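# Residue-level structural notes
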Amino acid sequence: MTNDTARHGDSLDTNVFHIGGDLPVRRIGFGTMRLADGPGDPRGPEARIWTGPADRPAALRLLRTAVESGVTLFDTADAYALGAGEELLAEALRPYGDEVAVATKVGNLRPSPTEWVPLGHPAYLRQQTELSLRRLRTERIDLLYLHRLDENYPVAEQIGALRRLQEEGKVRHIGLSEVTVEQLTEAERTAPVAAVQNLYNLAARDHDPVVDHTAARGIAFVPFFPIAMGAHAGPDGPVARVAREAGATPSQTALAWLLHRGPHVVPIPGTTSEHHLKENMGALDVKLSDEQFALLAEAGFEAGTEAETETKAQADAETEVQTDTETGS
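Residues numbered from 1 in each chain as written. Predicted model: local features only at pLDDT ≥ 70, side-chain atom pairs only at ≥ 80, totals over all residues. Heavy atoms only, no water.

### Notes on helix α7 (residues 238-246)
The condition that has to hold: Buried means the residue's accessible area, taken with a 1.4 Å probe over protein chains only, is under 20% of the maximum for its type, while exposed means over 50%, and partly exposed covers the values in between. Note on conventions: DSSP H or I runs of at least 4 residues are helices, E runs of at least 2 residues are strands, and numbering of each starts at the N terminus.
Among the residues of α7, Pro238, Val239, Ala240, Val242 and Ala243 are the ones counted as buried. Within two residues after α7, Gly247 carries a phi angle of roughly 70°, on the positive side.

What follows is the structure, given as structure tokens:
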């Protein structure tokens, strides 16, 4: 069986990818980070992800609806709400057993609601994994990511800690998050890497080389924030035009572009809405032509370049204001 398709009945199901060659998942998962905190808390980049959901019963219902809607890969981290995210998943998914796979991450300290501090000490990574096992109520984690590489410790020591847990049967597959091709290559000298989770979407394309590298290696590429879009997604923009042609919504079209990008790409959009959850899963049925894919790729690249330029201009302007203030001019 190849790693880009899965046998489903008498046909090949291209909407399934086998992580590590033996863990089949539907190619749209569910990112659970947004289930933390209450409705009045900051969202997007300002989100604190500090406490469990204000409406826990609603969050449990949403997660179970996700399973019934076809989601088989759920993503969390020990740093999400200080472990409350893992506990929520354990409660919600317990009835489904091996029907679903859970990915979690270790390697980030949370000293306060606004701080995310990488810590790659091998003993710490091992301790956090043991705690994750308890919170997830399992004897083996399906996919364990190193949340961030810590520059203060050799990569071999950090990955080696996860490899030892894998050899003990406590971890099925190892993943990395927010890494370059060079970092991934170095990590693979210590242990096989089954998945890479990086920020990636139509307009955020810095990790194009990682997408290509993981495709060649048979490694799952898991984009987070997969639907983040800018001006190109306006009502008269290219995403909307292609969406109308494809009979889909703009969000479905953005996800379909990722699915078209490679058979190893497994986006994990997050939502607190049942409507959006089902809309996201509908992207699996949206088929783009090569021409539509190329059009969206170009539009997204241009939007990303414009956003970079605007961000740099804003940063320069803030620096000038700060300099003027400091010099009194």
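### A look at unusual backbone geometry
Look at Leu82: it is not a glycine, yet its phi comes out positive at around 55°. Mapping Leu82 onto the fold places it in the loop between β6 (73-75) and α2 (84-93). Phi at Glu178 takes a positive value of approximately 55°, unusual for a residue other than glycine. Examined against the element boundaries, Glu178 turns out to sit in the loop between β11 (171-177) and α5 (181-187).

### Observations regarding the packing of α2 against helix α3 (residues 122-136)
In plain terms, the rule: All axes here are fitted lines through C-alpha atoms, helices being fitted over the stretch that makes contact, and every angle between N-to-C directions spans 0 to 180 degrees. We call two residues in contact whenever any of their non-hydrogen atoms come within 4.5 Å of each other. Ten residues, namely Ala, Val, Leu, Ile, Met, Phe, Trp, Tyr, Cys and Pro, are considered nonpolar, four, namely Asp, Glu, Lys and Arg, are considered charged, and the remaining ones, Gly among them, are considered polar.
Interhelical geometry of α2 versus α3 gives an angle of 35° and a closest axis separation of 8 Å. Across the interface between the two elements, Glu86, Glu87 and Ala90 from α2 touch Ser132, Arg135 and Leu136 from α3. Here the contact of α2 with α3 is built from residues that sort into two nonpolar, one polar and three charged.

### So, the sheet that holds strand β5 (residues 30-31)
Which entries qualify depends on this criterion: A pair of strands is considered paired only if DSSP assigns at least 2 bridges between the two.
With respect to topology, seven strands assemble into an open sheet ordered β5-β6-β7-β10-β11-β12-β13, the strand pairing being parallel. Each edge of the open sheet carries a strand with a single partner, namely β5 and β13 (220-224). Inspection of the sheet shows β5 paired to β6 by two bridges, in the parallel sense. When the bridges of β6 are listed, Phe30 appears paired with Phe74.

### Describing the packing of aromatic side chains
Applied cut-off: Working definition: rings of Phe, Tyr and Trp (its six-membered ring) pair if their centres are within 6.5 Å, and the pair is stacked with planes under 30 degrees apart, edge-to-face with planes over 60 apart, and tilted otherwise. Definition used: whenever NZ (Lys) or CZ (Arg) falls within 6 Å of the ring centre and also within 35 degrees of the ring normal, the charge is taken to sit over that ring.
Overall, the coordinates contain six aromatic pairs when judged by the stated rule. Following the ring pairs from residue to residue traces out a cluster consisting of Tyr200, Phe221, Trp257 and Phe293. Over the aromatic face of Trp116 sits the side chain of Arg110, whose NZ or CZ is 3.8 Å from the ring centroid.

### Observations regarding the confidence of the model for the protein chain
Inclusion rule: One confidence number per residue, pLDDT, is output by the predictor and ranges from 0 to 100.
Here the protein chain averages 89 in pLDDT, and 87% of its residues register 70 or above. For residues 1-11, every residue scores under 50 in pLDDT, and the model assigns this stretch 24 contacts once sequence neighbours within four places are set aside.

### Quick notes on the pattern of salt bridges
The test is simple: Here, a salt bridge means any Lys or Arg side-chain nitrogen found within 4 Å of an Asp or Glu carboxyl oxygen.
Enumeration according to the criterion identifies 14 salt bridges in this entry. With its nearest N and O atoms 3.5 Å apart, the salt bridge here joins Arg163 to Glu167. Residue Arg163 and its partner Glu167 are located together in helix α4 (residues 155-167), separated by four residues, close to a single helical turn. Glu167 gets classed as exposed once you look at its relative accessible area, which sits at 57%. Here Arg205 makes a salt bridge to Asp208, at a shortest N to O gap of 3.4 Å. The residues Arg205 and Asp208 share a single accessibility class, namely buried. Among the charged side chains, a salt-bridge network with shared partners connects Arg126, Glu130, Glu168 and Lys170.

### Looking at empty space enclosed by the protein
To find leftover empty space, one rolls a probe the size of a water molecule over the atoms. Just so we agree on the cut-off: Put simply, the grid is 1 Å and covers the protein atoms alone, a cavity is a trapped set of points that fit a 1.4 Å probe, a pocket is an open set with protein on both sides within 12 Å along at least five of seven lines, and lining residues have an atom within 4 Å of a point. Grid points are joined across faces, edges and corners, and a volume is the space filled by probe spheres set on the points.
A full pass over the atoms with the stated rule returns one cavity of 30 Å³ or more. Approximately 60 Å³ is the volume attributed to the largest cavity. Around the largest cavity, the lining residues are Thr32, Met33, Leu35, Ala36, Thr51, Gly52, Pro53, Tyr80, Ala81, Ala84, Gly85 and Leu88. In the lining of the largest cavity, the residues fall into eight nonpolar, four polar and no charged.

### So, the side chain of Arg205
Tracing the chain through its elements places Arg205 in the loop between β12 (195-199) and α6 (208-217). Once you skip the residues sitting within four places of it in the chain, Arg205 turns out to touch Tyr200, Trp257, Ala297, Gly300 and Phe301.

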